[in-house]
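Residues per chain, in single letters:
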Amino acid sequence: MMKDLHSMTYPAVSPSLLAADKARIGDELARAERAGATFIHIDVMDGKFVPNVSFSLDFVREYAHKHHMVNDVHIMVEEPWVLAPKFVEAGADIVTFHYEACPDQTLRFATIEAIHRAGGLAGISIKPDTPVSVLEPFLPYVDLILIMSVEPGKGGQPFLPGSLEKLDELKALLAQNTKKYAPVIEIDGGIKEDTYNKALAHGAQILVAGSYLFGHEDFADRVALMLQGR
Ligand code: DX5
Ligand code: ZN
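Residues numbered from 1 in each chain as written. Chains lettered and ligands numbered in written order. Predicted model: local features only at pLDDT ≥ 70, side-chain atom pairs only at ≥ 80, totals over all residues. Heavy atoms only, no water.

## Points about the coordination of the zinc ion (ligand 2)
The textbook angles at a metal center are 109.5 degrees for a tetrahedron of four donors and 90 or 180 degrees for an octahedron of six.
Then, number 1: The protein atoms donating to the zinc ion (ligand 2) are His-41 (NE2), Asp-43 (OD), His-74 (ND1) and Asp-188 (OD), with metal-donor distances spanning 2.1 to 2.3 Å.
Then, number 2: Between the six donor atoms coordinating the zinc ion (ligand 2), the angles at the centre fall across 71 to 169 degrees, so the site counts as octahedral.
Then, number 3: All donors to the zinc ion (ligand 2) come from one chain, and their sequence spacing reads H-x1-D-x30-H-x113-D. Of this pair, His-74 sits in strand E3 (residues 70-76) while Asp-188 sits in strand E7 (residues 184-188); the two residues are 114 residues apart in sequence, bridging distant segments of the chain. Accessibility classification places His-74 together with Asp-188 in one group, the buried group. (Donors = N, O, S within 2.8 Å, 3.2 Å for Na, K, Ca; no water. Tetrahedral: all angles 85-135°; square planar, octahedral: opposite > 155°, others 65-115°. Helix = DSSP H or I, 4+ residues; strand = E, 2+ residues; numbered from the N terminus. Buried < 20%, exposed > 50% of the residue type's maximum accessible area, 1.4 Å probe, protein only.)

## Here's the deal with the layout of surface pockets
Then, number 1: Empty space within the largest pocket amounts to approximately 330 Å³.
Then, number 2: Lining the largest pocket are 26 residues, and of these Gly-155, Gly-156, Gly-189, Gly-190 and Gly-210 lie nearest its centre.
Then, number 3: When residues of the lining of the largest pocket are traced back to their parent elements, those giving at least two are strand E2 (39-45), E3 and strand E8 (206-209).
Then, number 4: Here the residues of the lining of the largest pocket sort into eleven nonpolar, ten polar and five charged. (1 Å grid on protein atoms, 1.4 Å probe; cavity = no way out; pocket = protein on both sides within 12 Å on 5 of 7 lines; lining within 4 Å. Points joined across faces, edges and corners; volume = space filled by probe spheres on them. Nonpolar A, V, L, I, M, F, W, Y, C, P; charged D, E, K, R; others polar.)

## Some remarks on the environment of Ser-133
Then, number 1: If you trace the backbone, Ser-133 turns up in the loop between strand E5 (121-126) and strand E6 (144-148).
Then, number 2: Among the residues examined, Ser-133 registers a relative accessible area of 48% and is labelled partly exposed.
Then, number 3: Measuring from C-alpha to C-alpha, the distance between Ser-133 and Glu-169 comes to 8.0 Å, with 36 residues separating the pair along the chain.

## Regarding the pattern of salt bridges
Then, number 1: Tallied over the full model, the rule gives eight salt bridges.
Then, number 2: A salt bridge links Asp-218 to Arg-222; its shortest N-O distance comes to 2.9 Å.
Then, number 3: Asp-218 sits in the partly exposed class, given a relative accessible area of 29%.
Then, number 4: Three or more residues are tied together by salt bridges with common partners; here these are Asp-21, Arg-24, Asp-27 and Glu-28. (Salt bridge = Lys/Arg side-chain N within 4 Å of Asp/Glu carboxyl O.)

## Things to note about the pairing of strand E1 (residues 12-15)
Then, number 1: By the alternation rule, side chains of E1 split into Ala-12 and Ser-14 and Val-13 and Pro-15, which are all buried.
Then, number 2: Pairing between E1 and E8: four bridges, direction parallel. For Pro-15, the partnering residue across the bridge sits in E8 and is Ala-209. (Pairing = 2+ DSSP bridges.)

## Thoughts on helix H5 (residues 162-175)
Then, number 1: Here H5 contains 14 residues, and its C-alpha end-to-end distance of 20 Å stays within 8% of the 20 Å for a straight helix at 1.5 Å per residue.
Then, number 2: Within the sequence span of H5, burial applies to Ser-163, Leu-164, Lys-166, Leu-167, Leu-170, Leu-173 and Leu-174.
Then, number 3: In this fold, the buried residues of H5 make contact with E5, E6, E7 and helix H6 (196-201). (Expected span 1.5 Å × (residues − 1). Contact = heavy atoms within 4.5 Å.)

Structure follows, in structure tokens:
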């Protein structure tokens, strides 16, 4: 069933499985859910849009139904208009694709439409060098906007401070959006103790965090503080 992002509580945390122990994904999912995460972030990389390869369609198919969190699938792939609906069929609730992965507006709108037609929620993401203004035509149509606060492709990189300004610009753009429901704002990359508060103060609603959460004894305490926004 399609999830309703506007009935969720924010801020929310979306632990990024990229930093999880791949040999025990089931345990890691349980750990994230117990800690209070309401979203789970699954990074898909094709080795073309970004140099690395990460989770696949089969991975989503295997694990999407083994927990109760929202499957927040971030596809860093070429030709998202072909692949995005397949991820919905595999169990993704949200499929977020990259603006930069599409050569033109027609294919960007086609990707959003394909996700919706498959029954999923559509997110669009921009890389650090892409200006927020390019998102304007999509605001009435997407369910989520993902601001990348690092270059996509790997975990553990430092938060780019210019991302805060981008969040401000996005908020200003959204204030002019006339749709009843505004897209939810997510931030991804370098989110940890000294950055999540700033991201929240600048309007981020879903905090993606990989290396700050997985592999740490106090995973649950960290999530609890993030959820309180302090
Ligand atoms: C990077 C991914 C992120 C990554 C974040 O391309 O999109 O989701 O896992 O990792 P951290 O939280 O370690 O910066
Ligand atoms: Zn991601």
